[in-house]
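Listed here are the chains, written in short residue letters.
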Amino acid sequence: MSETAVVSGIMSHFVAQTPEPLKEGQIVEGTVSAIGRARVYIDILPHGTGIIYGREYMNARDILRKVGIGDTIASKVVTPENEDGYIELSLKEARQALIWADAEEAVKRATVMSLLVKEANKGGLIIEWQGIQGFLPASQLSAENYPRVSDGDKDKILTALNDLIGKHLSVVMITADPKEHKLIFSEKSLQEKEEKGEKMTRYEVGSVVKGEVTGAVDFGVFVKLEPGLEGLVHISEIDWGLVEDTKSMFKVGDSVDVKVIEVKDDKISLSIKQLRENPWQSAGKKFEKGQIVDAVVIKYNKHGALASIEEGVAGLVHVSEFETEEKLKAALSLGSVYKFKISLFEPNDQKMTLSFKEANEVK
């Protein structure tokens, strides 16, 4: 073997044994070799000696006071080599980096953890993991804890969410973003979501099923179709007539037939009224625009009053006929029957307006 080949072989071996130089931001592990006043020295083999001092020491002093010679600790490289030849290290930043690494692993593994609810706001819950605050959106709560309150009423939502403060919830981490310092949690486990999605495929729009009422709220009725799967009958889909109090119509545990009208975005929408004959269809054969009819006043609203010509078919009597709301209420009493003229009648669109003035001017 030539001398050149020998030298080349030695150099190749030397390069192979030379460690990659440390980089700023790199996480390294080493052994505590000495402890001085407000500073800790760490052997980072084979790179040299690291030091935690100054502001970095102050940031982690509570932890470093418990550290002893010979202990192994992980830290983050702040400066690969300072003017004194030391590797400047940060323990606090290393801990944060390791925590976020654990968080990203928890997202991948869908690790279930029990965490305490610290605070609530109108969008969801604040919970804490490893000293980092995270967010659990209301939409990610389980069916058991989801705030069933009127649509858009943020104050009622907040009241319901406040009841969960101080409780431990079983959650999974679904987002871990160290750059944005953002943790997002879900009380619905991935398994539950998969199971729910599988169950939902069994329900087609137009199918009729039997369910059990699990809750009556201002905006509708929740119906359990099978264990772990609920649908909502919106108040507009309960009856062809006016519905004002769902709680007086349904009780938890009631058995009810429902029609599936939409399966979308992890939700099933149901209808009860569509299982009954649409009264507007038969009304279209009996009534027409310009006809004088008897109608019962069933409700006041900001536009005037609603009057029903038969069950499930009602039209608006506009307040403009009476100048003021007070005069309208004086002329039309709830529950009383009056004569009206049909001024607009579109049964296919379920629209009708009635005129009290025109009907009572007829000789």
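Read on for an overview of the structure. Source: prediction; values computed, not measured. (Residues numbered from 1 in each chain as written. Predicted model: local features only at pLDDT ≥ 70, side-chain atom pairs only at ≥ 80, totals over all residues. Heavy atoms only, no water.)

Some words on the pairing of strand β15 (residues 267-271)
Then, number 1: Strand direction decides the pairing type here: strand β13 (residues 229-234) and β15, joined by two bridges, are parallel. Pairing of Val-233 across the sheet is with Leu-270, part of β15.
Then, number 2: Judged from the five bridges that link them, strand β14 (residues 255-264) and β15 form a sheet pairing that is antiparallel. When the sheet's bridge partners are listed, Val-260 is paired in β15 with Leu-270.
Then, number 3: Between the antiparallel neighbours β14 and β15 lie two residues, among them Asp-265 with a positive phi of about 50 degrees. (Pairing = 2+ DSSP bridges. Helix = DSSP H or I, 4+ residues; strand = E, 2+ residues; numbered from the N terminus.)

Some thoughts on the sheet that holds strand β17 (residues 304-310)
Then, number 1: The strand order β16-β17-β18-β20-β19 describes a closed barrel built from five strands, whose pairing is mixed. Between one strand axis and the next, the sheet turns by 50 degrees as a mean value, whatever way the strands run.
Then, number 2: Note that strand β16 (residues 292-301) and β17 share five bridges and pair antiparallel. Residue pairing in the sheet places Val-296 in a bridge with Ser-308 of β17. (Axes fitted to C-alpha atoms, helices over the stretch in contact; angles between N-to-C directions.)

Observations concerning the environment of Phe-356
Then, number 1: Relative to the helices and strands, Phe-356 is located in helix α10 (residues 356-361).
Then, number 2: Placed 149 residues apart in sequence, Phe-356 and Ser-207 show a C-alpha to C-alpha distance of 42 Å.
Then, number 3: Among residues more than four places away in sequence, those in contact with Phe-356 are Val-317, Glu-321, Phe-322, Leu-332, Tyr-338, Lys-339 and Phe-340. (Contact = heavy atoms within 4.5 Å.)

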